[in-house]
Amino acid sequence: AQTVTQSQPEMSVQEAETVTLSCTYDTSESNYYLFWYKQPPSRQMILVIRQEAYKQQNATENRFSVNFQKAAKSFSLKISDSQLGDTAMYFCAFMKQYPNDYKLSFGAGTTVTVRA
Amino acid sequence: DTEVTQTPKHLVMGMTNKKSLKCEQHMGHRAMYWYKQKAKKPPELMFVYSYEKLSINESVPSRFSPECPNSSLLNLHLHALQPEDSALYLCASSQVGGSSYNEQFFGPGTRLTVL
């Protein structure tokens, strides 16, 4: 079984500044995917960014980027130039690649508040 | 259309009631999911349907009964629920198969309160 750990229950950041969310995971799988999902208050969950474990290059989506350290089993999310709309709960998640059993293992979540 | 819709948005029911939650998607996805989410907690997988067949049941109590009448619809029938079943129920859908990850698209959820 896979476990995903997010050690920061809450984080606060000033608008336009940068915040980094940490995530570690434990698995014996070699091939897997890692994700960051965003769930704004009273709004639906959306995928922010995805990383394939076989790719060494860190994924980037506009202001969101990850630092993927496979050996350390670490997958942090950096939000640059924070905006008020980034206020949300962020979940780190793991899914094994083969066989694909559809299961997402989520971390406990980090609540991010962006201050004006 | 890249949307998963869920009805109703809110539901209040007594412990003896029977109600149903509905989920719909028109993205051609052949996998559909039910999750339960308590406040400030991550979603917990309940059921997965693949090609309209139940493929995963995460040991969910029988008072929750899923149904997938066609490839676009997913229902969750509720009967004799307990107050601890109060939660946000999320539906999701995704493609199936292929060599790459199949992103799960989530609906907005139904907030259920059991009195």
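Keep in mind it's a predicted model, so treat the numbers as computed, not measured.

A.B. asks: Teacher, can you tell me more about the overall build of chain B here?
C.D. replies: For chain B, the count of helices and strands is zero helices and eleven strands. At 14 Å, chain B has a C-alpha radius of gyration in line with the 13 Å of a compact globule built from 115 residues. Seen through its C-alpha atoms, chain B measures out along the principal axes to roughly 45 × 25 × 20 Å. For chain B, the proportion of its 115 residues judged to be buried stands at 48%.

A.B. asks: I would appreciate a short explanation of the state of the cysteines in the present structure.
C.D. replies: Scanning all chains against the criterion turns up two disulfides over all chains. A sulfur-sulfur separation of 2.0 Å characterises the disulfide bridge that pairs Cys23 of chain A with Cys92 of chain A. Of note, the bridge from Cys23 of chain A to Cys92 of chain A carries an S-S torsion of about -70 degrees and is left-handed in sense. Of the two residues, Cys23 of chain A sits in the loop between strand E3 (19-21) and strand E4 (24-26) while Cys92 of chain A sits in strand E10 (residues 88-96), which places them 69 residues apart along the sequence. Two residues share a disulfide in this structure: Cys23 of chain B and Cys91 of chain B, whose sulfurs sit 1.9 Å from each other. In this structure the cystine formed by Cys23 of chain B and Cys91 of chain B twists about its S-S bond by roughly -70 degrees; its chirality is therefore left-handed.

A.B. asks: Is there a simple way to think about the side chain of His29 of chain B in this case?
C.D. replies: Residue and element names in this part refer to chain B. Relative to the assigned elements, His29 resides in the loop between strand E3 (18-25) and strand E4 (31-37). In this structure the side chain of His29 is engaged in a polar contact, spanning 2.7 Å, whose partner is the side chain of Ser93. For His29, the residues in contact, after removing those within four places along its chain, are Ser71, Ser93, Ser94, Gln95 and Phe105.

A.B. asks: What exactly am I supposed to notice about the environment of Thr3 of chain A here?
C.D. replies: All names here are of chain A. Counting through the fold element by element, Thr3 comes out in strand E1 (residues 3-5). Exposure remark for Thr3: the relative accessible area of 44% places this residue in the partly exposed category. Taking the C-alpha atoms as reference points, Thr3 and Leu84, 81 residues apart in sequence, are found 31 Å from one another. Each residue touching Thr3, except ones within four places of it in the same chain, is listed here: Thr24, Tyr25 and Asp26.

A.B. asks: Looking at this model, I keep getting lost on the packing of aromatic side chains. Mind explaining?
C.D. replies: Any pair of aromatic rings gets described here by the distance separating the centres and the angle formed by the planes. Applying the stated criterion to the full structure yields 15 aromatic pairs over all chains. Consider the rings of Tyr102 of chain A and Tyr33 of chain B, whose centres lie 6.2 Å apart with planes at 70 degrees: the pair is edge-to-face. Placement of the pair is Tyr102 of chain A in the loop between E10 and strand E11 (105-106) and Tyr33 of chain B in strand E4, with the two residues belonging to separate chains. The same class applies to Tyr102 of chain A as to Tyr33 of chain B, namely buried.

A.B. asks: It is not clear to me how the interface of chain A and chain B should be interpreted in this structure. Could you clarify?
C.D. replies: Think of interface size as the accessible area that goes away when the parts come together; that is how it is often given. Facing 22 residues of chain A, the contacting portion of chain B comprises 27 residues. Of the roughly 1,800 Å² buried where chain A meets chain B, counting both sides, 59% is carbon and sulfur surface. At the boundary of chain A with chain B, the tally comes to one salt bridge. Of the charged contacts in the structure, one is a salt bridge between Lys103 of chain A and Glu58 of chain B, with a shortest N-O distance of 3.2 Å. Across the contact surface, chain A and chain B share five residue pairs in polar contact (both at pLDDT 80 or more). When contributions to the side of chain A that touches chain B are tallied by element, the ones reaching two or more residues are strand E5 (32-39), strand E6 (46-52) and E10 of chain A. Residue contributions to the side of chain A that touches chain B peak at four residues, all from E5 of chain A. Taken together, the residues that form the side of chain A that touches chain B break down as 13 nonpolar, six polar and three charged.

A.B. asks: Which parts of the structure should I look at to understand the pattern of salt bridges?
C.D. replies: Any two side chains of opposite charge can pair, so long as their charged atoms come close to each other. All chains considered together, the criterion is met by seven salt bridges over all chains. As a salt-bridge pair, Arg63 of chain B and Asp85 of chain B come within 2.7 Å of each other at their nearest N and O atoms. Within this pair, whereas Arg63 of chain B is found in the loop between strand E6 (53-57) and strand E7 (64-70), its partner Asp85 of chain B is found in the loop between strand E8 (73-79) and strand E9 (87-94), the two being separated by 22 residues in sequence. Of the residues examined, Arg63 of chain B reaches a relative accessible area of 23% and is grouped as partly exposed. Classification of Asp85 of chain B as buried rests on a relative accessible area of 2%. Each of the salt bridges in this network shares a partner with another, and the network as a whole consists of Arg50, Glu52 and Lys55 of chain A.

About the criteria used
- Residues numbered from 1 in each chain as written.
- Chains lettered and ligands numbered in written order.
- Predicted model: local features only at pLDDT ≥ 70, side-chain atom pairs only at ≥ 80, totals over all residues.
- Heavy atoms only, no water.
- Helix = DSSP H or I, 4+ residues; strand = E, 2+ residues; numbered from the N terminus.
- Rg over C-alpha atoms; globule rule 2.2 N^0.38 Å.
- Buried < 20%, exposed > 50% of the residue type's maximum accessible area, 1.4 Å probe, protein only.
- Disulfide = S-S within 2.5 Å.
- Polar contact = N/O pair within 3.5 Å; in protein donor to acceptor, adjacent residues only side chain to side chain.
- Contact = heavy atoms within 4.5 Å.
- Phe/Tyr/Trp six-rings, centres within 6.5 Å; stacked < 30°, edge-to-face > 60°.
- Buried area = accessible area lost by both parts, 1.4 Å probe.
- Salt bridge = Lys/Arg side-chain N within 4 Å of Asp/Glu carboxyl O.
- Nonpolar A, V, L, I, M, F, W, Y, C, P; charged D, E, K, R; others polar.

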